[in-house]
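# Notes for the structure review
Here are the chains, one letter per residue:
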Amino acid sequence: MTRDVSLAEDPTREAPRGVILLMAVACGIIVANLYYVQPIVGIISRDYGLSVALSGLLVTVTQLGYAAGLLFIVPLGDIVENRKLVVVTLAILVASLAGVALAPTAGAFLAASLAIGVTASTVQVIVPFAGHLATDATRGRVVGTVVSGLLLGIMLSRPAASFAAHFAGARAIFALSAVVTAGVALTLALRLPVRRPEGMPYMRVLASLWPLLRDTEVLQRRAAYQAGMFGGFSLFWTAAPLLLEGPEFRFSQVDIGLFALVGAGGAIASPFAGRAADAGYTRLVTGVAMVAAVVSFPAALAGALLHSVAILVVAAFVLDAAVAMSLVTGQRAIFSLGAEARGRLNGLFLAIFFLGGALGSFVAGVAYAHGGWTAACIVGTAFPLLALAYWATDRASAT
């Protein structure tokens, strides 16, 4: 059972739209911390003497930390008062951001990055929290709104980091984010409603993760779909700055930031995907998203071969929109499985697909080091293509 104190008088009433929008903004600010390093991976690598092949580790470590947080922090959302959990975890995130900003060695940078990943997972306490505050009829729209904020945070993080690196140094963005995240924590402490789940002990929660994964086909499929999509997404945005700052395009950090800013427009697809899912088109939207992601990589390769920034921009926009669509439909399907295990189901879903993202980030550096942008695009195509092939085997359900 779950007691939503602020909604106790009328459990069918949604939280005020202002609270939902606050949750969307908070998700964007929090999750952005996972991606600041992507557009400045070349600068950070050179600062610490890391090779191109190892540069992907700067992104991979954070994503692995996030996956760990999804498995060990997010399930607490089913047993611990949610507002308190969010605020405490964000306080630790602020300290981790300060650690990255001040890290004197590559080892210290990677350790603090791991901590950022773990604590930024609190964003996935907020997303199902929003799902709890919605009615069944509007859950897709509400989740779509919050995920829009999350995706905008992901996509705007790249230009923000590029601009900050150009004007104030590569690690200035982490110091700035520490201040902003502290403000978010305070605002959430004041505005979020109280939600006290009455769940099982923590060790039993952890023990329940494997049975949930083993016995829930929707979870298995949606996690696998998004692992492929996010693997391609992470590979693209880890390798793209290496291409753009190289001899083919000679982009400055500001130029890279502007390129990434255009990609952020792909987040506009998420609320539309949520509404389509509410209308019963989950499977169709998922398939369209996967096809779009597959097509985006040959387009990106053509853009590089033709030295066309316009084609590269279109490819980035399409890929970002495709990942947004797939994520919203996936989370809606997960949130429809039941309220009592929603945090655990969401944590498993995201942990699995972030492992796909971590693999994509690591492979990006290796592929680019050995075969340049061509190799990166070929490998990148394989990620959503495998997801599409798996999706095609499910003809009997709406997943």
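Our focus in this paragraph is the overall build of the protein. Regarding its fold elements, the protein presents 17 helices and two strands. Computed over the C-alpha atoms, the radius of gyration of the protein is 20 Å, within 12% of the 21 Å expected from 2.2 N^0.38 for a compact globule of 399 residues. When the backbone C-alpha atoms are referred to their principal axes, the protein occupies close to 65 × 50 × 35 Å. Split into buried and exposed, the 399 residues of the protein put 61% on the buried side. Pairs at least 24 apart in sequence give 86% of the contacts found in the protein among residues at least 6 apart. Positive and negative side-chain charges of the protein, numbering 24 and 18 respectively, have mean locations separated by a distance of 1 Å.

Take the packing of aromatic side chains next. Summed over all chains, the structure comprises 16 aromatic pairs. Between the aromatic rings of Tyr225 and Tyr390, the centroid separation amounts to 5.7 Å while the plane-to-plane angle is 70 degrees, which identifies the pairing as edge-to-face. Within this pair, whereas Tyr225 is found in helix H12 (residues 217-244), its partner Tyr390 is found in helix H17 (residues 342-392), the two being separated by 165 residues in sequence. Every member of this aromatic cluster is reached through a ring pair, and the members are Tyr35, Tyr66, Phe230, Phe233, Phe349, Phe353 and Phe354. Its guanidinium or amino end placed over the ring of Tyr390, Arg221 lies 4.3 Å from that ring's centre, counting from NZ or CZ. Its end group placed over the ring of Trp391, Arg283 keeps NZ or CZ at 4.2 Å from the ring centre.

Time to look at the nonpolar core. Side chains of nonpolar character tend, in soluble globular proteins, to be buried together. Residues Met23, Phe174, Phe236, Phe354 and Trp373 are the most contacted members of the largest nonpolar core, which totals 138 residues. Sort the elements by how many residues they give to this core and H17 lands first, with 18 residues.

A separate point is the environment of Thr286. With respect to the helices and strands, Thr286 occurs in helix H15 (residues 282-305). Along the chain, Thr286 and Gly360 lie 74 residues apart, while their C-alpha atoms are 20 Å from each other.

Bringing empty space enclosed by the protein into the picture now. With the rule as written, the count across this model stands at four cavities of 30 Å³ or more. Each pocket or cavity is described by its volume, and for the largest cavity that value is around 100 Å³. Together, 18 residues line the largest cavity, and Leu150, Leu151, Ile154, Phe230 and Leu327 are the ones closest to its centre. Of all the elements in the fold, those that place two or more residues in the lining of the largest cavity are helix H8 (139-168), H12, helix H16 (309-335) and H17.

Residues Leu152, Leu156, Leu258 and Leu261 make up a contiguous nonpolar surface patch of roughly 310 Å² in combined accessible area. Of all the secondary structure elements, the ones that give two or more residues to the nonpolar patch are H8 and helix H13 (253-263). Note that Leu261 resides in helix H13. Overall, the relative accessible area of 38% leaves Leu261 in the partly exposed class.

Thresholds applied
Residues numbered from 1 in each chain as written. Predicted model: local features only at pLDDT ≥ 70, side-chain atom pairs only at ≥ 80, totals over all residues. Heavy atoms only, no water. Helix = DSSP H or I, 4+ residues; strand = E, 2+ residues; numbered from the N terminus. Rg over C-alpha atoms; globule rule 2.2 N^0.38 Å. Buried < 20%, exposed > 50% of the residue type's maximum accessible area, 1.4 Å probe, protein only. Contact = heavy atoms within 4.5 Å. Lys, Arg positive; Asp, Glu negative; His and termini not counted. Charge placed at Lys NZ, Arg CZ, Asp CG, Glu CD. Phe/Tyr/Trp six-rings, centres within 6.5 Å; stacked < 30°, edge-to-face > 60°. Lys NZ or Arg CZ within 6 Å of the ring centre and 35° of its normal. Core = buried A, V, L, I, M, F, W, Y, C linked by side-chain atoms within 4.5 Å. 1 Å grid on protein atoms, 1.4 Å probe; cavity = no way out; pocket = protein on both sides within 12 Å on 5 of 7 lines; lining within 4 Å. Points joined across faces, edges and corners; volume = space filled by probe spheres on them. Patch = residues over 30% accessible without salt bridge, like charges linked within 9 Å, V, L, I, M, F, W, Y side chains within 5 Å. Areas by Shrake-Rupley, 256 points an atom, 1.4 Å probe, with all protein chains shown as cover. Salt bridge = Lys/Arg side-chain N within 4 Å of Asp/Glu carboxyl O.

By themselves, these are just geometric observations and shouldn't be taken as functional.
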